[in-house]
Amino acid sequence: MTNNGEVITGIGVGRGLVVGDVRRMPDPLPEPAKTTSSRTADEELHRASKALGETASDLRARGAQAGGLAKEVLDALALMADDSMLLSDAKSRIDSGATAERAVFDAFAGFSATLEAAGGYMAERAGDLGDVANRVIARIMGVSAPGVPHSETPFILVARDLAPADTALLDFDIVRALVTTDGGPTSHTAILAREKGLPAIVGATSANGLADGDTVIVDAGRGEIVVHPTAARIADALADAQSRQMARESATGPGRMADGHEVQLLANVGSAKSAAAAVDAHAEGVGLFRTEFLFLENDSAPAVEVQRAEYAAVFDKFPGQKVVVRVLDAGADKPLSFLTDDGEENPALGRRGIRALLAHENILRAQLTAISQAAAASLAEVWVMAPMIATVEETEIFVGICRELGIHKAGVMIEVPSSAILAKHILEIADFVSIGTNDLTQYTFAADRLLGSVANLQDAWSPAVLRLIREVGLAGELTAKPVGICGEAAADPLLAVVLIGLGVTSLSMSPTALADVRAEISRFTLSEARELAERVLSTRNAADARIAASAVLTQ
Ligand code: PEP
Ligand code: MG
């Protein structure tokens with residue numbers, strides 16, 4: 001139950017504001033009862049295998065309709081429904097008297113436990129399995145699968161959280177905003193919303209009380225949902241939304257604060273296609289070119305010529321502008337079969353990033369050669385950096401090889417607390433650093449960034465993370481060298497201001513986030529950003545840090 005004018009709070013994603021009516025996503029299906037079947041085993045097996053096959057076809061059809069990355073995700077889910085081991089597991093349960101729905105439920109649960117035991121990336125896929133299981137069971141029971149409700153008119157989607165199969169096909173003309181009761185700022189839903197520029201509020205626990213048809217204002221900028229607002233409040237909100245939109249549209253130039261202090265606003269890209277989106281969003285260049293995304297499917301290291309062509313396609317989009325290329329960050333969530341060791345128990349703590357590259361120095365040298373050749377033939381200003389640097393010695397080795405191979409600007413990523421603490425020594429060697437807040441947060445809290453059960457710890461607003469960033473900012477000031485941010489934190493407009501206050505000189509983010517960040521930083525002077533940073537640093541946790549920063553906004 002909700003009351004007129006009640007305000008529900010959560011974590012806002014983006015700066016959008018939308019007024020609309022709620023449609024709730026149905027809750028998950030109840031667990032099928034453990035009753036003994038009254039049908040024959042053959043009948044039950046037919047029900048199970050038919051539902052599994054139909055679910056696989058449905059997922060594939062949705063994938064074909066969506067295309068791109070969504071197709072890959074949905075095809076992978078279809079493979080799970082098609083898995084012959086899963087069907088034979090369900091069959092043996094049916095042979096022992098289980099109903100089709102119970103047999104499928106238990107077979108998926110067994111599959112999921114195996115993935116969870118494998119840890120890391122595999123464990124994250126276990127969540128997707130639950131979604132596939134629900135779809136199959138709904139089919140067996142002849143009820144509609146829990147999923148995004150169908151509607152011809154626009155609505156605000158309220159859900160516990162969204163599964164990849166739900167988000168892949170969201171129609172953004174109909175779904176105007178997302179509200180989730182679970183999930184944090186780095187959940188799948190938040191990342192999708194940021195990518196698509198869709199207003200969202202995640203982790204809004206009290207949104208459980210919202211019902212279909214409730215009119216709400218979703219103000220992502222303030223992290224607030226106003227329930228049954230008065231006409232006057234709606235009018236105020238819409239006027240506010242319009243002025244924010246105008247501020248966004250008028251802010252197309254380079255990143256500049258209210259006092260004229262410049263902060264480069266760059267884009268994160270993984271291909272020539274996303275580089276084009278970065279140009280459209282008026283990025284001042286690229287702050288993170290994730291090269292490993294180009295070679296995820298490769299069985300062997302790509303040849304120098306192949307790499308050179310891929311890099312040139314991105315460089316050519318940024319004549320006269322900076323492109324920061326990251327050498328292959330293989331391992332953990334981004335395994336490359338030609339670089340990643342099999343069988344590590346904790347791949348995120350194993351030989352990933354620079355560790356894998358130094359163990360295969362020929363691959364590192366080939367990549368740097370390709371980058372250097374592509375850079376020489378292009379008008380872009382190419383900088384190169386290494387991921388997962390943990391020590392000063394790794395920095396020395398990497399920068400040394402770069403210099404040998406004709407790379408003019410060689411830097412490192414700060415993603416591990418040790419390198420944040422040693423940033424001054426690192427910056428005495430490297431030409432620049434770029435802070436990867438996704439990994440820095442994961443390693444600060446020892447919390448797997450892919451694991452939903454510890455997602456609450458994956459929050460870069462945490463003063464623990466911000467204090468580490470402060471160390472790096474100070475080191476940048478002392479050595480007069482650039483300090484960038486290229487993790488998700490840079491895409492959070494208010495956090496971006498805090499980061500500038502901590503000494504960061506450039507921000508790199510998904511292209512869709514650029515307009516909001518550009519508009520937000522233009523509202524503050526550098527000294528106000530520093531004041532904001534000081535306030536936030538003295539808080540105890542991420543929630544208090546957000547409150548301390550937001551209090552400044554409402555003053
Ligand atoms: C990061 O860790 O913040 C980062 C930018 O690198 P990736 O997300 O690719 O690991
Ligand atoms: Mg990283």
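Residues numbered from 1 in each chain as written. Chains lettered and ligands numbered in written order. Predicted model: local features only at pLDDT ≥ 70, side-chain atom pairs only at ≥ 80, totals over all residues. Heavy atoms only, no water.

**Notes on the packing of aromatic side chains**
The geometry of two aromatic rings is summed up by the distance between their centres and the angle between their planes.
Okay, so step 1: Per the stated rule, a full pass over the model turns up 2 aromatic pairs.
Okay, so step 2: Residues Phe-289 and Tyr-311 carry aromatic rings whose centres are separated by 5.9 Å and whose planes lie at 85° to one another, so their mutual orientation is edge-to-face. With a gap of 22 residues between them, Phe-289 in strand 10 (residues 285-290) and Tyr-311 in helix 10 (residues 304-315) connect regions that are remote in the sequence.
Okay, so step 3: Ring centres 4.8 Å apart and planes at 50° place the aromatic pair Trp-383 and Phe-432 in the tilted group. One end of the pair, Trp-383, is in strand 12 (residues 381-389); the other, Phe-432, is in strand 14 (residues 432-435), and 49 residues separate them in sequence. (Phe/Tyr/Trp six-rings, centres within 6.5 Å; stacked < 30°, edge-to-face > 60°. Helix = DSSP H or I, 4+ residues; strand = E, 2+ residues; numbered from the N terminus.)

**Considerations on the coordination of the magnesium ion (ligand 2)**
Okay, so step 1: Taken together, Glu-415 (OE) and Asp-439 (OD) make up the protein donors of the magnesium ion (ligand 2), found 2.0 Å from the metal. In this pair, Glu-415 sits in the loop between strand 13 (409-414) and helix 14 (417-421) while Asp-439 sits in helix 16 (residues 437-445), placing the two residues 24 residues apart along the sequence. Here the two residues Glu-415 and Asp-439 agree in accessibility, since each one is buried. (Donors = N, O, S within 2.8 Å, 3.2 Å for Na, K, Ca; no water. Buried < 20%, exposed > 50% of the residue type's maximum accessible area, 1.4 Å probe, protein only.)

**Focus on the sheet that holds strand 14**
Okay, so step 1: Read around the barrel, 8 strands follow the order 9-10-11-12-13-14-15-16 and close on themselves; strand pairing throughout is parallel. Averaged over all pairs of adjacent strands, the angle between strand axes in this sheet comes to 25°, irrespective of strand direction.
Okay, so step 2: As defined by bridge partners, strand 9 (residues 264-269) adjoins strand 16 (residues 506-509) across 4 bridges and the pair is classed as parallel. Counterpart to Ala-267 in the pairing with strand 16 is Met-509.
Okay, so step 3: Of the strands in this sheet, strand 9 and strand 16 are in contact with helix 19 (residues 514-521), which crosses strand 9 at around 160°. (Pairing = 2+ DSSP bridges. Axes fitted to C-alpha atoms, helices over the stretch in contact; angles between N-to-C directions. Contact = heavy atoms within 4.5 Å.)

**Describing the site of ligand 1**
Okay, so step 1: Near ligand 1 there are 15 residues, and of these Arg-290, Arg-326, Lys-334, Asn-438 and Arg-449 occur at the shortest range.
Okay, so step 2: Between ligand 1 and Arg-326, the relevant distance is 2.8 Å, taken from an oxygen atom to a side-chain nitrogen or oxygen of the residue.
Okay, so step 3: Here an oxygen atom of ligand 1 and a side-chain polar atom of Lys-334 are 2.7 Å apart.
Okay, so step 4: Protein coverage of the free-state accessible area of ligand 1, which is 290 Å², stands at 99%.
Okay, so step 5: Assessed atom by atom at 2 Å from the grid points, ligand 1 resides in the second largest cavity. (Near = heavy atom within 4 Å. Polar contact = N/O pair within 3.5 Å; in protein donor to acceptor, adjacent residues only side chain to side chain. Areas by Shrake-Rupley, 256 points an atom, 1.4 Å probe, with all protein chains shown as cover. 1 Å grid on protein atoms, 1.4 Å probe; cavity = no way out; pocket = protein on both sides within 12 Å on 5 of 7 lines; lining within 4 Å. Sits in = over half its atoms within 2 Å of the grid points.)

**With respect to the packing of helix 18 (residues 493-501) against helix 19**
Okay, so step 1: At a minimum axis distance of 8 Å, the contact between helix 18 and helix 19 shows a crossing angle of 55°. Classed by the angle they form, the pair helix 18 and helix 19 counts as oblique. Note that helix 18 runs across helix 19; the crossing there is right-handed. In this structure, helix 18 contributes Pro-493, Leu-494, Ala-496, Val-497 and Ile-500 to the contact, and helix 19 contributes Asp-516, Val-517, Glu-520 and Ile-521.
Okay, so step 2: Here the residues of the contact of helix 18 with helix 19 sort into 7 nonpolar, no polar and 2 charged. (Parallel < 35°, antiparallel > 145°, perpendicular 65-115°, else oblique. Left-handed = near helix turned anticlockwise from the far one by under 90°. Nonpolar A, V, L, I, M, F, W, Y, C, P; charged D, E, K, R; others polar.)

**Brief notes about unusual backbone geometry**
Among all residues except glycine, the phi angle is most often negative; among peptide bonds, the trans geometry is most common.
Okay, so step 1: Here the phi dihedral of His-228 falls at roughly 45°; this positive angle occurs in a residue that is not glycine.
Okay, so step 2: One non-glycine residue, His-282, adopts positive backbone phi at about 60°.
Okay, so step 3: By the secondary structure assignment, His-282 is in the loop between helix 9 (272-280) and strand 10.

**Side note on the pairing of strand 11 (residues 322-326)**
Okay, so step 1: The element strand 11 is extensively covered by neighbouring structure, given that 5 of its 5 residues are classed as buried.
Okay, so step 2: Neither face of strand 11 is open: one carries Lys-322, Val-324 and Arg-326, the other Val-323 and Val-325, and all of them are buried.
Okay, so step 3: Both strand 10 and strand 11 contribute to a ladder of 4 bridges, which runs parallel. Of the residues in strand 11, the one forming a bridge with Val-286 is Val-323.
Okay, so step 4: Once you follow strand 10 into helix 10 and on to strand 11, the crossover reads as right-handed.
Okay, so step 5: Pairing of strand 11 with strand 12 involves 5 bridges; the strand directions are parallel. Following the sheet pairing, Val-324 is matched in strand 12 by Trp-383. (Right-handed = clockwise from strand over helix to strand, strands pointing away.)

**Here's the deal with the pairing of strand 7 (residues 215-219)**
For a regular strand, side chains alternate in direction, first toward one face of the sheet and then toward the other.
Okay, so step 1: Of all 5 residues in strand 7, 4 are buried; the element is thus mostly enclosed.
Okay, so step 2: Both strand 7 and strand 8 (residues 224-227) contribute to a ladder of 4 bridges, which runs antiparallel. Looking at the pairing, Ile-217 lines up with Val-226 of strand 8.

**Looking at empty space enclosed by the protein**
Okay, so step 1: One pass over the structure, following the stated rule, counts 2 cavities of 30 Å³ or more.
Okay, so step 2: Contributions of two or more residues to the lining of the largest cavity are made by strand 11, strand 14, strand 15 (483-485) and strand 16.
Okay, so step 3: When grouped by side-chain class, the residues that make up the lining of the largest cavity number 8 nonpolar, 5 polar and 1 charged.
Okay, so step 4: Reported here for the second largest cavity is a volume of approximately 60 Å³.
Okay, so step 5: In terms of lining residues, the second largest cavity is bounded by 13 residues, among which Arg-290, Arg-326, Met-413, Glu-415 and Asn-438 are the most central.
Okay, so step 6: Ranked by residue count, the leading element in the lining of the second largest cavity is helix 16, at 3 residues.
Okay, so step 7: Of the residues contributing to the lining of the second largest cavity, the split by class is 3 nonpolar, 4 polar and 6 charged. (Points joined across faces, edges and corners; volume = space filled by probe spheres on them.)

**Brief notes about helix 18**
Okay, so step 1: Across the 9 residues that make up helix 18, a large majority, 9, are buried.
Okay, so step 2: Buried residues of helix 18: Pro-493, Leu-494, Leu-495, Ala-496, Val-497, Val-498, Leu-499, Ile-500 and Gly-501, and no others.
Okay, so step 3: Among the residues trailing helix 18, Gly-503 stands out with phi positive, at a value near 110°.

**Digging into the sheet that holds strand 5 (residues 175-180)**
The pairing of strands in a sheet comes from backbone hydrogen bonds and takes either a parallel or an antiparallel form.
Okay, so step 1: Strand order across the open sheet formed by 8 strands is 1-8-7-3-4-5-6-2, with mixed pairing between neighbours. Across the chains shown, the open sheet's two edge strands, defined by having one partner strand only, are strand 1 (7-9) and strand 2 (11-13). With direction set aside, neighbouring strand axes in the sheet form an average angle of 30°.
Okay, so step 2: Taken together, the 3 bridges between strand 3 (residues 17-24) and strand 4 (residues 155-159) define a ladder with parallel strand orientation. Residue pairing for strand 4: Val-22 is matched across the bridge by Ile-156.
Okay, so step 3: Sitting on the sheet, helix 8 (residues 231-250) touches strand 1, strand 3, strand 7 and strand 8, and the angle it makes with strand 3 is about 120°.

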